[in-house]
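Observations on chain architecture
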Amino acid sequence: MAGRKRHLFALLAAGVAVFLLPIPAAAAPTVTTVTSGLDSPRGIAFFHGKLMVGEAGHGGSDCFSPPGAPPDVQLCIGATSRVSRVNSNGTHTPFVSGLFSVVTPEGEALGVSGLSASDDRLLVQIGLTPREVPSSNTLGQKQAGQLISIRPNGTWKAIAPVGAFDFDYTTTLPAPQEHDSNPYGVLASGDGAYVADAGSNTLDWVNEHGKIKIVAYDPFRTNPPTFPTDSVPTCVVRTEDGLLVGELAGRLLKVHGSTFTTIDLKDSAGNSLLSHVTGCTTDRQGNVYLVNMFGPGPVFTPPPASKFFIGNVVKYNPESGKASMLIDGLRLPNMDTVGPDGNLYVTIGAVCGPTPGPAGSPCAGLTGGVIKIVLPRNEEND
C-alpha cells in the first residue's frame, strides 16, 4: 500500500513490557477508567449527552496484496469498524456497526477515525481511500475515505468522499509528494466540517452539500528520514484566534489562508512538549488539549530503554502562549474531547483490541478504552 509511513502506527514486532500510569505527583489530575474492551478506539465525542467512541475494528477475511508488494504481504478488509455508545455503567453498545475496516501487515487497523458532533448529527470520518482498495471489494469502494453523518436515531448516510478526493489531489502535485490519502481528524463547524488528511497532507473543508475544497496543504517533506517521514496532519481544532492543526510529526500548525505556520510549544527547560500528535480539543476557557500518542525517544523501542509507546496530554493556552504537560504515562492514547461535565475524555490503547494483548506486545495487559481526566474548575487560563 502506498504511503505506509503515513499510516499512524506501523507497529513493529518489538517486545513491550506492561507499563502502567506512574504514581501521580501531587499536582497531577485525577484519572479514572470510563470503559474498556473497545476495538482499536480512535475518535471520541459527546452526542446528545452520550459519549460516543469510534472503533477502527480488526479488518476481516477479504485479503489482498497491495500493488508491488510480495504475495505474503496481505491487507485484510471486513465490516468490523463501528461507532459505540458508552453507557453510564461503563459498558458500551454499538450505535452504528458494519463499517469499513482494514488491517495492515503491521497490525494497524484503519476504519473509523475522527468524530465530531453538532446539534443534529454526529460526523464520522472513515480512513483510507477507495483508490487503494480492490475494485472487487464493495464495502471498501463504498465506505473507505467517506465522511458520514449519523442522526440521533442511529441512521446514517455518506456525505463526502474525502479519501478519493484527496488521493486524486495528490496526483496533481509534483514529486516528492506521494499519491496517498488517509483522512483522519474531523471538526464539525457551522454548516460543514474540516478534515485533516494524514496521507495527502491537507486540511479540507466539506460544505453542507458534500462539496470538498482544499483549505491548506503542508508540502511533502523527505528530511529527516525518520518516523514519521512526513508531516501527517491528524486533528483540527478551532480557537478564538483561528484553526490549529496537529501533526504526527510533532508539530502544531496555525492556518493562515491557504498556508500553515508552526507554533512551538516548549516546557520551562526549553524542550519540545510535542512528539507525535493525534488528537486535539478545546475546553470552555479556550485551552487546547493535545494528545501525543507516542512519546519522545527512539521509535518502536520498548521501555525502559525508551518511552515511545507511552503518550501524554499537553495543555496549551493560545491567548497567553503558555503550554505545559497535563499528564504523562498514558499507554497509546489517541483522541480527546471535553465532556458536558468540563472534564477531558481520552481514548487509550488505540491499536489494542477488546481483550488484553499478549505479553511482549505494545498492548500487553491492555484493551482499547476511554479514560477521564478531571480538569480543575474555574481556573485561570494559564
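The coordinates are above.
All figures in this text were calculated on a predicted structure; none of them were measured in a lab.

The next point concerns the packing of aromatic side chains. Summed over all chains, the structure comprises 10 aromatic pairs. Ring centres of Phe227 and Phe294 lie 5.9 Å apart, and the angle between their planes is 75°; this geometry places the pair in the edge-to-face category. Taken together, the positions of Phe227 in the loop between strand 15 (212–217) and strand 16 (233–239) and Phe294 in strand 21 (residues 288–294) put the pair 67 residues apart, joining distant regions of the chain. This pair shows no difference in class: Phe227 is buried, exactly as Phe294 is. Their ring planes at 80° and their centres at 5.3 Å tell us that Phe308 and Phe309 sit as a pair that is edge-to-face.

Looking now at the sheet that holds strand 16. On the basis of which strands lie adjacent, the open sheet formed by 4 strands has the order 16-17-18-19 and antiparallel pairing. Each end of this open sheet is capped by a strand with a single partner; those strands are strand 16 and strand 19 (259–263). Recorded for the sheet is a direction-independent mean angle of 30° between the axes of neighbouring strands. When strand 18 (residues 252–256) meets strand 19, the two strands line up antiparallel, connected through 5 bridges.

It is worth spelling out the state of the cysteines at this point. Scanning all chains against the criterion turns up 3 disulfides. For Cys352, the disulfide goes to Cys363, at an S-S distance of 2.0 Å. Taking the sign of the S-S torsion, about -90° here, the bridge from Cys352 to Cys363 comes out left-handed. With a gap of 11 residues between them, Cys352 in the loop between strand 25 (344–348) and strand 26 (368–373) and Cys363 in the loop between strand 25 and strand 26 connect regions that are remote in the sequence. For the residue pair Cys352 and Cys363, the accessibility class agrees, reading buried in each case. The disulfide pattern of the protein chain is 1-2, 3-4, 5-6 when the bonded cysteines are numbered in sequence order.

Before going further, it helps to examine the side chain of Asp166. Tracing the backbone through its elements, the reader meets Asp166 in helix 2 (residues 162–170). Residue contacts for Asp166: discarding those within four places in its chain leaves Asp180, Ser181, Asp197, Ser200, Thr202, Asp204 and Ile214.

Roughly 460 Å³ of volume is contained in the largest pocket. Leu115, Ser116, Val186, Leu187 and Thr281 are, among the 25 residues lining the largest pocket, the residues nearest its centre. Contributions of two or more residues to the lining of the largest pocket are made by strand 2 (41–47), strand 8 (112–117), strand 12 (183–189), strand 16, strand 20 (276–282) and strand 24 (336–338).

Time to look at the environment of Arg251. Take Arg251: it is sitting in the loop between strand 17 (242–247) and strand 18. In sequence terms Arg251 and Tyr289 are 38 residues apart; their C-alpha atoms lie 14 Å from each other. Those residues in contact with Arg251, other than ones at most four positions away along the chain, are Asp218, Arg221, Ser231, Val245, Gly246, Thr262, Leu274 and Val277. Only 2.6 Å separates the side chain of Arg251 from the side chain of Asp218, close enough to count as a polar contact. Among the polar contacts listed, one links the side chain of Arg251 to the side chain of Glu247, at a separation of 2.9 Å.

Let's shift gears to the pattern of salt bridges. Scanning the model with the defined rule gives 6 salt bridges in all. Note that Asp241 is salt-bridged to Lys254, the shortest N-O span being 2.4 Å. Within this pair, whereas Asp241 is found in the loop between strand 16 and strand 17, its partner Lys254 is found in strand 18, the two being separated by 13 residues in sequence. Relative accessible area serves as the criterion here: at 51%, Asp241 is assigned to the exposed category. Put simply, Asp218, Glu247 and Arg251 are held in one network by salt bridges that share partners.

Looking now at the sheet that holds strand 1 (residues 31–38). Taken together, 4 strands build an open sheet; the order of strands is 1-26-25-24 and the sheet is antiparallel. Each having just a single partner strand, strand 1 and strand 24 make up the two edges of the open sheet. Strand after strand, the sheet turns through a mean of 20° between neighbouring axes, direction not considered. Note that strand 24 and strand 25 share 3 bridges and pair antiparallel. For Asp336, the partnering residue across the bridge sits in strand 25 and is Val346.

What counts, and at which threshold
- Residues numbered from 1 in each chain as written.
- Predicted model: local features only at pLDDT ≥ 70, side-chain atom pairs only at ≥ 80, totals over all residues.
- Heavy atoms only, no water.
- Phe/Tyr/Trp six-rings, centres within 6.5 Å; stacked < 30°, edge-to-face > 60°.
- Helix = DSSP H or I, 4+ residues; strand = E, 2+ residues; numbered from the N terminus.
- Buried < 20%, exposed > 50% of the residue type's maximum accessible area, 1.4 Å probe, protein only.
- Pairing = 2+ DSSP bridges.
- Axes fitted to C-alpha atoms, helices over the stretch in contact; angles between N-to-C directions.
- Disulfide = S-S within 2.5 Å.
- Contact = heavy atoms within 4.5 Å.
- 1 Å grid on protein atoms, 1.4 Å probe; cavity = no way out; pocket = protein on both sides within 12 Å on 5 of 7 lines; lining within 4 Å.
- Points joined across faces, edges and corners; volume = space filled by probe spheres on them.
- Polar contact = N/O pair within 3.5 Å; in protein donor to acceptor, adjacent residues only side chain to side chain.
- Salt bridge = Lys/Arg side-chain N within 4 Å of Asp/Glu carboxyl O.

By themselves these figures say nothing about function.
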